Amino acid sequence: MSSYDDRDGKIWMDGKLVDWRDANVHILTHALHYASSVFEGERCYNGKVFLSRKHSERLLNSGNLLDMPIPYTVDQIEAAKREVLDANGLTDAYVRVVAWRGAGEDMGVASSRNPVRMAVAAWEWGSYYGDAKFKGAKLDIAKWKRPSPETIPTAAKAAGLYMICTMSKHAAEAKGCSDALFMDYRGYVAEATGANIFFVKDGEVHTPDPDAILNGLTRQTVIKMLEERGVKVHVRHIMPEELASFEQCWLTGSAAEVTPVGQIGDYTFEVGTLTREIAEAYDKLVRS
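Cut-off values and rules
Residues numbered from 1 in each chain as written. Predicted model: local features only at pLDDT ≥ 70, side-chain atom pairs only at ≥ 80, totals over all residues. Heavy atoms only, no water. Helix = DSSP H or I, 4+ residues; strand = E, 2+ residues; numbered from the N terminus. Core = buried A, V, L, I, M, F, W, Y, C linked by side-chain atoms within 4.5 Å. Buried < 20%, exposed > 50% of the residue type's maximum accessible area, 1.4 Å probe, protein only. Contact = heavy atoms within 4.5 Å. Salt bridge = Lys/Arg side-chain N within 4 Å of Asp/Glu carboxyl O. Pairing = 2+ DSSP bridges. Phe/Tyr/Trp six-rings, centres within 6.5 Å; stacked < 30°, edge-to-face > 60°. Lys NZ or Arg CZ within 6 Å of the ring centre and 35° of its normal. Axes fitted to C-alpha atoms, helices over the stretch in contact; angles between N-to-C directions.

A. Molecular detail of the environment of Gly203. Assignment of secondary structure puts Gly203 in the loop between strand 10 (196-201) and strand 11 (204-208). Between the C-alpha atom of Gly203 and that of Glu247, which follows or precedes it by 44 residues, the distance is 9.2 Å.

Written as structure tokens, this is what we have:
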């Protein structure tokens, strides 16, 4: 597979399409040094980006939470995505929209005089966890914890929040796992490195309260699907020792979609009927 910086195609940057290999930024870009960056990861199915406007709205909200107003409207962001997909001839793809503080007059912690820039790229991308959709992903338990909302805006999809995700996923992969499960700063079950988590017990579903994690759009979609099926959903704080009592487990995310989990640390789960039904129903929904 070719490197992500060496491909044919077009990327939208600051209002215009540029050749893929020319979509570059200066080494003194503020975001590279101080994590002043927010992004969205989205999937396009049959030519339509699922929940596209909600992703664009969240991007703008993330920018505002980081005191980094993004100089584009939802409609302009939507148009940029469509332009990129059309220019690259893609109908089924992963779409990445990213906004950041660029290079400018400031090169310290403060960056109010630096421009906020934005780019949109899209590429073909298969299942995030490979064949885990069939046999269940294997997760490590991360040594790091998701931070308190008093320390960082946890409602933002901000690049800085993913630093411990990268570290934890590397550690997990070294153990033969696909991903890692975080606890939050209080010790409650939180999320995986790039996905929310759900558990099943006695026909009812339990999922962490998103009071210190990103309330994922796929997470919200799946909760609605469950409720429409008459399945009781408990949104609550979950203690790690409860993992032994759950029968099924799955992850949700725009990239992860709905992925069954077969193991977390020493705890095992069946890829059961409800898990399969929700995964199949989600696949059908996003392509409808």
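B. Region of interest: the nonpolar core. Core analysis: the biggest nonpolar cluster contains 26 residues, and Ile70, Leu85, Val95 and Met118 have the highest contact counts within it. Counting residues per element, the ones that place at least two in this core are strand 3 (37-45), helix 2 (52-65), helix 3 (74-87), strand 5 (93-101) and strand 6 (116-123). Looking at this core, the element that brings in the most residues is helix 3, giving five residues. Leave out the neighbours within four places in its chain, and Leu85 touches Cys44, Val49, Leu90, Ala93, Val95 and Ala122.

C. Layout of the pattern of salt bridges. Considering all chains together, one arrives at 18 salt bridges under this definition. Glu42 is paired through a salt bridge with Lys81; the nearest N and O atoms lie 2.7 Å apart. One end of the pair, Glu42, is in strand 3; the other, Lys81, is in helix 3, with 39 residues separating them in the sequence. Residue Glu42 is classed as buried on the basis of its relative accessible area of 1%. A residue is classified by how much of its surface remains accessible, and Lys81, at 2% relative accessible area, is buried. For Arg186, the salt bridge identified is with Asp211, shortest N-O distance 2.8 Å.

D. Just the pairing of strand 2 (residues 16-19), in detail. Here strand 1 (residues 10-13) runs beside strand 2; their pairing, made up of four bridges, is antiparallel. The partner of Ile11 across the bridge, within strand 2, is Val18.

E. Summary view of the packing of aromatic side chains. For the structure shown, the criterion picks out ten aromatic pairs. Among the aromatic residues, ring-to-ring pairing joins Tyr4, Tyr94, Trp123 and Trp125 into one connected group. In this structure, Arg7 is placed above the aromatic ring of Tyr4, and the distance from its NZ or CZ to the ring centre is 3.9 Å. Across the ring face of Phe182, the terminal group of Arg146 is positioned such that the distance to the ring centre comes to 5.0 Å.

F. Local environment of the sheet that holds strand 4 (residues 48-49). Ordered in space as 2-1-6-5-3-4, the six strands form an open sheet in which the pairing is antiparallel. Single-partner strands in this sheet number two, and they are strand 2 and strand 4. Here strand 3 pairs with strand 5 via eight bridges, running antiparallel. Along strand 5, the bridge assignment pairs Gly41 with Arg96. This element, helix 2, spans strand 3, strand 4, strand 5 and strand 6 of the sheet and lies at about 175 degrees to strand 3.

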